[in-house]
Amino acid sequence: CVLTPDCSVSEEYLRDEVRTLRQSSNALAVVPQYIEPDGSLSRGVRPGYTFRQLVWEIVFPRWRSDRAGQALTRLLGIGTAGWTWPCCACVVFRRDSFLEIGGFDPDFFLYMEDVELGKRAGRAGWTIVESSQRVEHAISTSSQVSANMRKQLLTDARVTFAEKEYGKLHGQVARIARKLNLKP
């Protein structure tokens, strides 16, 4: 189980998630839906990143936070790459399988490690299961960094992911996009 200080769960919750994991033989992990601080629900299983989406999110880091951003997502076809990733604020893994695919990549200091893991899991034939459980998620309270530092770390992780996943040329494009990064 990976549980950040942004979430808290009971033993009963963990038993239920382990049971859910055992019911799906090809599931690497099970994650809940998250109850965000504003009361909204967010998915624990999220669609994979396309390169277009990575660049877009580097340049416009807060573009998805409103209805217009969600409409733009659909219009541009951003957010589906044929694989999924687990939001790892609270996740239960099959330990042996998690280790077999290499666990979290140490090249990711903060952010995008769960995205990269989801990509590798998909390549290895594993799925990520979202349970019916709901967990309160106090977003970004676990790391004592400023909002500006958090944004920089996320952008750096996106650039790293672009280079590792799509190659050096794409990494260079992502670095240029970082220089164009627009304030919300």
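In this text the structure is predicted, and so the values were computed from the model without any measurement.

1. Notes on the environment of Phe 51
Take Phe 51: it is sitting in helix α2 (residues 51–59). On the accessibility criterion, Phe 51 (19% relative accessible area) is buried. For Phe 51 and Arg 158, which are 107 residues apart along the polypeptide, the C-alpha to C-alpha distance reads 9.9 Å. Setting aside residues up to four positions removed in sequence, Phe 51 forms contacts with Ala 162, Tyr 166, His 170 and Val 173.

2. A look at the environment of Pro 61
You can see Pro 61 is positioned in the loop between α2 and α3 (67–76). In this structure, the C-alpha to C-alpha distance between Pro 61 and Asn 181, residues 120 residues apart in sequence, is 7.6 Å.

3. Brief notes about the side chain of Glu 130
Tracing the backbone through its elements, the reader meets Glu 130 in strand β7 (residues 127–136). At a separation of 2.5 Å, a polar atom in the side chain of Glu 130 contacts the side chain of Arg 43. Leaving out residues up to four positions away in the same chain, Glu 130 has contacts with Val 31, Pro 32, Gln 33, Arg 43, Gly 44 and Val 45.

4. Section: the pattern of salt bridges
The full count for this structure, using the stated rule, is 12 salt bridges. A salt bridge links Lys 164 to Asp 107, with the nearest nitrogen and oxygen atoms 2.6 Å apart. Of this pair, Lys 164 sits in helix α6 (residues 147–166) while Asp 107 sits in the loop between α4 (95–100) and α5 (113–123); the two residues are 57 residues apart in sequence, bridging distant segments of the chain. Look at Lys 164 and you get partly exposed, because its relative accessible area is 42%. The partner of Lys 119 in a salt bridge is Glu 165, with the nearest N and O atoms 3.8 Å apart. Of the two residues, Lys 119 is situated in helix α5 and Glu 165 in helix α6; the sequence distance between them amounts to 46 residues. Overall, the relative accessible area of 15% leaves Lys 119 in the buried class. Each of the salt bridges in this network shares a partner with another, and the network as a whole consists of Asp 105, Asp 107 and Lys 164.

5. Digging into the pairing of strand β2 (residues 27–35)
With 8 of 9 residues buried, β2 lies mostly within the body of the structure. Across 7 bridges, the pairing between β2 and β7 is parallel. Paired with Tyr 34 across the two strands is Val 135, which belongs to β7. Here β2 runs beside strand β6 (residues 90–93); their pairing, made up of 2 bridges, is antiparallel. Counterpart to Ala 29 in the pairing with β6 is Phe 93. Here β2 runs beside strand β3 (residues 41–42); their pairing, made up of 2 bridges, is antiparallel. Among the inter-strand pairings, Tyr 34 is bridged to a residue of β3, identified as Ser 42. Counted between consecutive antiparallel strands, the loop separating β2 from β3 contains 5 residues, among which Gly 39 sits at a positive phi close to 95 degrees.

6. What to know about the side chain of Gln 33
Within the secondary structure, Gln 33 sits in strand β2. Among the residues examined, Gln 33 registers a relative accessible area of 17% and is labelled buried. Setting aside chain neighbours within four positions, we find Gln 33 in contact with Leu 41, Ser 42, Gly 44, Glu 130, Ser 131, Gln 133, Arg 134 and Val 135.

7. Regarding unusual backbone geometry
Working note: non-glycine residues mostly have negative phi, and peptide bonds are mostly trans. A positive phi angle is found at Tyr 111, which is not glycine, with a value near 75 degrees. Turning to its location among the elements, Tyr 111 is positioned in the loop between α4 and α5. Phi is positive for Met 112, which is not a glycine, with a value near 75 degrees. Of the residues examined, Met 112 reaches a relative accessible area of 4% and is grouped as buried.

About the cut-offs
- Every chain is numbered on its own, with residues counted from 1 as its sequence reads.
- It should be noted that, the model being predicted, local features are given only for residues of pLDDT at least 70 and side-chain atom pairs only at 80 or more, the latter also being counted only at that level, while totals for whole chains, interfaces and linings use all residues.
- Hydrogens and water are ignored here; the side-chain numbers use all heavy atoms of the structure.
- Strands are runs of DSSP state E lasting at least 2 residues, helices are runs of H or I lasting at least 4, and numbering of each runs from the N terminus.
- Exposure is judged per residue with a 1.4 Å probe applied to protein chains only, and the accessible area is read against the type maximum: over 50% gives exposed, under 20% gives buried, and values in between give partly exposed.
- Contacts: residue pairs with any heavy atoms within 4.5 Å of one another.
- Each polar contact in these results corresponds to two N or O atoms within 3.5 Å; when the atoms are within protein, one needs to be able to donate a hydrogen and the other to accept it, and residues that are neighboring in sequence are counted only if both atoms are side-chain atoms.
- Only one rule defines a salt bridge in this text: a Lys or Arg side-chain nitrogen within 4 Å of an Asp or Glu carboxyl oxygen.
- A strand pair is defined by DSSP finding two or more bridges across the two strands.

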